[in-house]
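Okay, here's what each chain looks like letter by letter:
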Amino acid sequence: MHRREALKNLAILTGGAVLVPSCNFEQDDILAAYKNLKVTESQRALLSQVADTIIPPGEIKGASDLAVQDFILVMVNDCVEAERQALFTSGLQAFKGYSRKIAGTFATLEAVEKEKVIVQGLAISHDSTDETEKAIRAFLSLTKRFTIQGYMMSEYIMTQVKPYSLIPGEYNGAVLISSISNLKING
Amino acid sequence: MANFNIDAAKERTFQAIVIGSGMSGSWAAKELCEHGVKTLVIERGRDVKHLRDYPTTNMLPYEFEHRGQLTNQIQEENPVVSRCYAFREDAMHFFVKDKEHPYVQEKPFDWIRGYQVGGKSLLWARQVQRWSDFDFEGPARDGFAVDWPIRYSEIAPWYSHVEKFAGVSGNKDGLPHLPDGEFLPGFELNIVEKYFQEQLKKHYGNSRHMILARCAHITGNLEFYQQQGRAKCQSRNLCQRGCPFGGYFSANASTLPWAERTGNMTLRTDAVVHSILYDEQKGKATGVRIVDANTKQTEEYFADVIFVNAAALNTNLILLNSTSNRFPNGLGNDNGLLGKYIAFHNYRAGISAEYEGYSEYTTSGGRPTSGYFPRFRNLYKQETDFLRGYAAGFSAGRYNYADQSGIGMALKEELLNPSQYGNWSVGSHMMGETIPKETNYVTLSKDEKDAWGIPLLKVNVEYDDNDEKMIKDYQEQMTEMFERAGFTNIRVRDDKRAPGLDIHEMGGVRMGKDPKTSLLNKNHQLHTCQNVYVTDGACMTSTSTQNPSLTYMAFAVRAAHHAMKNLK
């Protein structure tokens, strides 16, 4: 993490002149915490960029501010069936190349371009027989699902943004929707 | 235990032994202890103290690593218990894991168990509907099983006794087939549930009802429940974790601490009952042999009267394993019917639909109960090609949710400010009466034993044609009622679940008038060994359609008072 941050900062400082080839990252050790996945530190970093594209930071924190990438990996590792786990892993591996092919290096894309890559990947037809396409779609749909869950069920959201109460209050079986005054929360 | 010295024997001698600390055993213990009877409560599992041993009770959703979900590994290791709706990350620790306590499924049977102090009373769905004579007279009227040796008038005062102490919320509905009880204020039915009530009245007159289900939650008379250290239900709907308010009835929050306070209760945890000891000279049971769950050492405890409340199938197991010269086939089993006539509730079918009306309304807050259909089929007379009928749950709900189709800022904005309200969703599930049959039975394995040297239970229970017809009828009748109420997108289901997942297994030690055709008399005593009482699900002659716990509790109290008359 620190190393990634340091390299990123260096890249910012030098105006992107220091472009570290991605293969350097992929020589990183496989993360031992996720026994059923073969995920490297650099892939985890890529995953956080994907999650941040799905739920970007702003005035209210975004996905990677809440380490949602780690939640995604925990859930895929522990709660997703083996076949989908394998698709997730190969989708994550293939994603960099997929992005490069259709738009460019994911990390360097503008937010709008990143969104386009993900939207396009999610839209891959269920009939597609291309192994890479199938993996990309599975990877992105699992990532989106767990990004949303990990974000909305995070301590930050459930305490500071939309406070959750263990005691929901007395039941009212006929509440006029128009009477509910919801303050608009700005993303 | 030949080398027992006299002091040790004295220390192990009580006036009463209750096997099982759950739903029914804890009531027997409370009544006995309250009336000065020195009582040993034997529990095979670990202690679970109210408040102290509810590790997840105040955990917030984000504190669960998988946000409540089961991992693959847990599901793979526990295919049976993973099918139970309440076996989730927050309450897994209160369920028996498949591998720890194997049993033999001669036919598929999901045996859901809670081996700890309080048993499944921590985990139950807290529905408490009384039986009426429409239920007790069922077998005699319709010619199955044997006639119940008791009627509603004999049990009604004990229902009241239990309801007052446990705390039951509900409305007085005035239905002869679902008698009113001692109710604390009821929760509210929502606007669509009330609408459906009116629609039933309109289309079916007074013949079909949907009422607020009575549930064992405290909603009033708060000072009275303070004596038990219990407070008003806060509608958290996290009951399966153990309630920090004691808002719902559990043995742990209510009956066991009450019994303990008398100074008359001794609780022996981690003690697996091997068998009940029978003395041929005295012609009665004298005690209980246990195997320590941890050390595997055998110990014996003695008492004048023994209550068997190990939960339905384990009560069968203990009695079957209690053999002697006098009872070579299990205690009290002269007629060979012990373990037979097992029945359960048929939960296979359900229905869901939508209602487009009342679109300007939603609900708020929480509610630990829902609507309930008392049985309407074959109620006053036989009217279908199957026997008996079904009760059903019913509920309506409306949910605010986010459109998750987008991505980026638009998605974030929508997640934080969900814009979508679907139609009201309405749904119901059936709880069908099954007919006890000799061919549905449990026996002991001849060659397989558990880690404590006790034979494994073999379960041989299945649905029959009557159940299949009832599923079809439920689906047809509910569809008709839903259509008449103007509900749309109606979908019926049959999830084909195995028996057992209803967690309403009953019978095997049934009550009856005749020792030739039943095991227990009208006071819950074994006909042929009268200082042994069975008041859990094993005693049930028929199942009717109500959630059975309230009836077990009332039976346990009634039998305890009967036993005390004999003790004095």
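Everything quoted here is computed from the prediction, not taken from an experiment.

So, the overall build of chain B
Across its full length, chain B carries 13 helices and 23 strands. Across its three principal directions, the C-alpha atoms of chain B cover 80 × 55 × 50 Å. Taken across its 568 residues, chain B has 52% of its residues classed as buried. Sequence separation of 24 or more characterises 71% of the internal contacts of chain B that already satisfy a separation of 6 or more.

As for the overall build of chain A
For chain A, the count of helices and strands is eight helices and one strand. When the elements of chain A are put in sequence order from the N terminus, they spell out α-α-α-α-α-α-α-α-β. In chain A, which comprises 187 residues, the share counted as buried stands at 33%. Counting contacts in chain A only where the partners sit at least 6 residues apart, residues at least 24 apart contribute 56% of the total.

Section: the packing of helix 3 (residues 41-54) of chain A against helix 4 (residues 68-79) of chain A
Residue and element names in this part refer to chain A. Two numbers describe how helix 3 lies on helix 4: the axes approach to 8 Å, and their chain directions differ by 110 degrees. Considered as vectors, helix 3 and helix 4 are oriented roughly perpendicular to each other. Between helix 3 and helix 4, the residues in contact are Arg 44, Leu 47, Ser 48 and Ala 51 and Val 68, Gln 69, Ile 72 and Leu 73, respectively. Grouping the amino acids of the contact of helix 3 with helix 4 by side-chain chemistry returns five nonpolar, two polar and one charged.

A closer look at the confidence of the model for chain B
For chain B, per-residue confidence averages 97 on the pLDDT scale, and residues scoring 70 or more make up 99% of the total. Our summary of model confidence lists the complex with pTM equal to 0.94 and ipTM equal to 0.93.

Some details on the interface of chain B and chain A
Contacts between chain B and chain A engage 37 residues on the former and 40 residues on the latter. Listed by contribution, the elements that provide at least two residues to the side of chain B that touches chain A are strand 12 (361-364) and helix 11 (409-416) of chain B. At six residues, helix 11 of chain B tops the list of elements feeding residues into the side of chain B that touches chain A. As paired strands, strand 1 (residues 172-176) of chain A and strand 12 of chain B are joined by three bridges and run antiparallel to one another. From the neighbouring strand, A:Val175 faces strand 12 of chain B, where its bridge partner is B:Thr362.

Overview of the nonpolar core
By size, the foremost hydrophobic cluster in this structure holds 163 residues, and its most contacted members are B:Ile17, B:Ile19, B:Val162, B:Ile306 and B:Val308. When residues in this core are grouped by element, the largest group, ten residues, is from helix 13 (residues 549-567) of chain B. By size, the runner-up hydrophobic cluster in this structure holds 39 residues, among which are A:Met75, A:Phe95, A:Tyr98 and A:Phe139.

Some points on helix 6 (residues 111-122) of chain A
Residues and elements named next belong to chain A. In this model helix 6 runs 16 Å from its N-terminal to its C-terminal C-alpha over twelve residues, within 8% of the 16 Å that 1.5 Å per residue would give. Within helix 6 the residues assigned to the buried category are Lys 114, Glu 115, Val 117, Ile 118 and Gly 121. Around the axis of helix 6, the buried residues are gathered within 160 degrees of arc, so they sit on the same side. Those residues of helix 6 that are buried are in contact with helix 3, helix 5 (82-102) and helix 7 (131-152).

Some remarks on the environment of B:Leu238
Structurally, B:Leu238 is set in the loop between helix 8 (222-226) and helix 9 (255-261). Between the C-alpha atoms of B:Leu238 and B:Asn58, which are 180 residues apart in sequence, the distance is 9.1 Å.

Quick word on the packing of helix 6 of chain A against helix 7 of chain A
Residues and elements named next belong to chain A. For the pair helix 6 and helix 7, interaxial distance at closest approach is 8 Å and the crossing angle is 110 degrees. It follows that helix 6 is roughly perpendicular to helix 7 by the angle criterion. Read as a crossing pair, helix 6 and helix 7 show a hand that is left-handed. Counting all contacts with helix 6, which are made through Ile 118, Gly 121 and Leu 122, the residues of helix 7 involved are Ile 136, Arg 137, Leu 140, Ser 141 and Lys 144. Tallied by class, the residues present in the contact of helix 6 with helix 7 amount to four nonpolar, two polar and two charged.

A word on unusual backbone geometry
A negative phi angle characterises most non-glycine residues, just as the trans form characterises most peptide bonds. Residues and elements named next belong to chain B. Here the phi dihedral of Arg 126 falls at roughly 65 degrees; this positive angle occurs in a residue that is not glycine. Note that Arg 126 resides in the loop between strand 3 (104-105) and helix 4 (133-136). One non-glycine residue, His 524, lies in the positive phi region at around 75 degrees. Within the fold, His 524 resides in the loop between strand 21 (506-508) and strand 22 (525-526).

Focus on the pairing of strand 17 (residues 424-433) of chain B
All names here are of chain B. Of all ten residues in strand 17, nine are buried; the element is thus mostly enclosed. In the sheet, strand 11 (residues 349-355) pairs with strand 17 via six bridges, with the strands oriented antiparallel. Pairing of Gly 350 across the sheet is with His 429, part of strand 17.

A short note on helix 4 of chain A
Look at helix 4 of chain A: 16 Å from first C-alpha to last across twelve residues, which is about the 16 Å you get at 1.5 Å a residue. Most of helix 4 of chain A is tucked away: nine of the twelve residues are buried. Where helix 4 of chain A is buried, its residues meet helix 3, helix 5 and helix 7 of chain A together with helix 3 (72-77) of chain B.

Points about the pairing of strand 6 (residues 271-279) of chain B
All names here are of chain B. Pairing between strand 6 and strand 7 (residues 284-292): eight bridges, direction antiparallel. Bridge pairing in strand 7 links Leu 277 to Gly 287. In textbook terms, the turn of a hairpin is the stretch between consecutive antiparallel strands, and for strand 6 and strand 7 this stretch comprises four residues, one of which, Gly 283, has a positive phi near 70 degrees.

Calculation criteria
- Residues numbered from 1 in each chain as written.
- Chains lettered and ligands numbered in written order.
- Predicted model: local features only at pLDDT ≥ 70, side-chain atom pairs only at ≥ 80, totals over all residues.
- Helix = DSSP H or I, 4+ residues; strand = E, 2+ residues; numbered from the N terminus.
- Buried ≥ 20, exposed ≤ 12 C-beta atoms within 10 Å, placed from the backbone.
- Contact = placed C-beta atoms within 7 Å.
- Axes fitted to C-alpha atoms, helices over the stretch in contact; angles between N-to-C directions.
- Parallel < 35°, antiparallel > 145°, perpendicular 65-115°, else oblique.
- Nonpolar A, V, L, I, M, F, W, Y, C, P; charged D, E, K, R; others polar.
- pLDDT = per-residue confidence, 0-100.
- Pairing = 2+ DSSP bridges.
- Core = buried A, V, L, I, M, F, W, Y, C linked by C-beta atoms within 7 Å.
- Expected span 1.5 Å × (residues − 1).
- Arc of directions from axis to C-beta.
- Left-handed = near helix turned anticlockwise from the far one by under 90°.

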